[in-house]
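Secondary and tertiary structure notes
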Amino acid sequence: MTSQYHLIATSSDLNIGNVNTFPNEDGELSYSVDKTNSYKGVSLLFDPVGNPIFEVNAFILSRRIIEGLKDTKPSSFAMLSYFRFLDANNIKWDESNHHLKRYPIFLFRNNLENQIAKGNYSRETAKAFLSVVRRFYMFCYRHGYISELPFDIQGVTKYGQNITDCSIRGGYSGTKLRPLDDLDISHVRKNWENNGLSYEFRLAVSLSITTGLRAVEISDIKRDHFCIPKGFDGKTLTGIRIGPSNDCKTKYDLNREISMPVWLMKAFNSYHETSRYKNRATLFYQATGSTNIPALLTKSGNPFNTQMLNVLWGKLRKAIRQHDNKHFSHRLHDLRATFGANKLETLLNLGSLTTTQALAQLKSEMGHKDLATTMRYLTYWEGNPEKNMVPEVMTNILDGMTQQL
């Protein structure tokens, strides 16, 4: 028996319906379930001795059944992190002492901020964990499990999200781009085998920095997207289609075309011929029945997701801080910014495109919904001449990754 709080997965399908109780022939209470609906299974929380945590599990089931959330794993893992933190500090989740009424969740918030500073968590992961814990308390308050919230709600955003006094702020600003320079990339290459980082993660990093794909797109891109046309002898293949119409999730469900260096496509193709990948693909097929297999899979045969990639990037960032640059603070998403800055540099240096045409092409390839987002790259390019990357230098740096993949 584990000595920590832990998660246990339910069956793959949950049949939920109306429960009717009645005495059976022996006078004992029995029950039946009718009008059932089937839902995908969830992971539930248990204490160190194996007792289920009722309020947490009710919250997780509510997220699946009432809210219709397709993926409840992030919520389960957030609650697991929270309860392990509480257990380690001998704190109860429903502490009602007036002087300590804000203590548990605010202490957890402080711990998350410390983990961000140490490079153990990305800011996005920490924010997501804290958001889930706030949702948990609001769920408990609505259902009468607690009499008051342990934080103050100060307002509502235009998107309907609550503004509270318990949040993680600061850090990255959405209006500021932070592309990696050649020294940053050399540190990535030097350290991306530390801390148990996998071959698949190195492929994901290379894919993001050379194509500008988001984490959600990297997680869903398929093997067929890496097919090289027969007779093609160029260095970069253009016109690779992704999006709902081409079986690859994209933000805003936009169909678009990307380009990709041939050396990376060959690296993926070689990887897909390994027994390591074939074993994972078999597990994926057995679990889903689908032959349309993602290009990157975990050892359990599951597709990667944004949270997994952010956690792995946090491990890489920690290794870089330990060995090469204590000030390295880049996020995983900065790889996409690196591609965008480099791509705009390339387009503007062609001489055949106007600035407007270059921005339109970059907007299309990166899948920006609004031109205002793309304009940030022009602002960065014009305001940071000393940081503008020469495409040939970037290509040489990235070509060196082939030997390490």
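Scroll up to find the structure.
Anyway, here's the lowdown on the structure attached to this text.

Each value, and the rule that gives it
Residues numbered from 1 in each chain as written. Predicted model: local features only at pLDDT ≥ 70, side-chain atom pairs only at ≥ 80, totals over all residues. Heavy atoms only, no water. Helix = DSSP H or I, 4+ residues; strand = E, 2+ residues; numbered from the N terminus. Buried < 20%, exposed > 50% of the residue type's maximum accessible area, 1.4 Å probe, protein only. Contact = heavy atoms within 4.5 Å. Areas by Shrake-Rupley, 256 points an atom, 1.4 Å probe, with all protein chains shown as cover. Pairing = 2+ DSSP bridges. Arc of directions from axis to C-beta. Polar contact = N/O pair within 3.5 Å; in protein donor to acceptor, adjacent residues only side chain to side chain. Expected span 1.5 Å × (residues − 1).

1. Points about the overall build of the protein chain
- The helix and strand inventory of the protein chain stands at 14 helices and eight strands.
- In the protein chain, buried positions account for 44% of the 405 residues.
- Long-range contacts, defined here as pairs at least 24 residues apart, represent 62% of the contacts in the protein chain between residues at least 6 apart.
- In the form shown here, the protein chain has an accessible surface area of approximately 21500 Å², with 49% of it arising from carbon and sulfur atoms.

2. A look at the pairing of strand 2 (residues 13–23)
- Where strand 2 and strand 3 (residues 29–40) come together, 10 bridges link them in antiparallel fashion. Its bridge partner lying in strand 3, L14 is registered against Y39.

3. A word on helix 5 (residues 182–191)
- Among all positions in helix 5, only D184, I185, H187, V188 and N191 are buried. All buried residues of helix 5 fall inside an arc of 155° around its axis, so they share one side.
- The N-cap of helix 5, judged by a side-chain oxygen 3.1 Å from the amide nitrogen of L183 a few residues on, is D181.

4. Side note on helix 4 (residues 123–142)
- With 20 residues, helix 4 extends 29 Å between its outermost C-alpha atoms, agreeing within 8% with the 28 Å of an ideal straight helix rising 1.5 Å per residue.
- Those residues of helix 4 lying buried are T125, A126, F129, L130, V132, V133, R134, F136, Y137, M138, F139 and C140.
- Immediately downstream of helix 4, the backbone of G144 shows phi near 80°, a positive value.

5. Some details on the side chain of N191
- Along the chain, N191 turns up in helix 5.
- Looking at N191, its side chain comes within polar contact range of the main-chain oxygen of H187, at 2.9 Å.
- Beyond its immediate chain neighbours, meaning those up to four positions away, N191 contacts L197, L316, A319, I320, H323 and D324.

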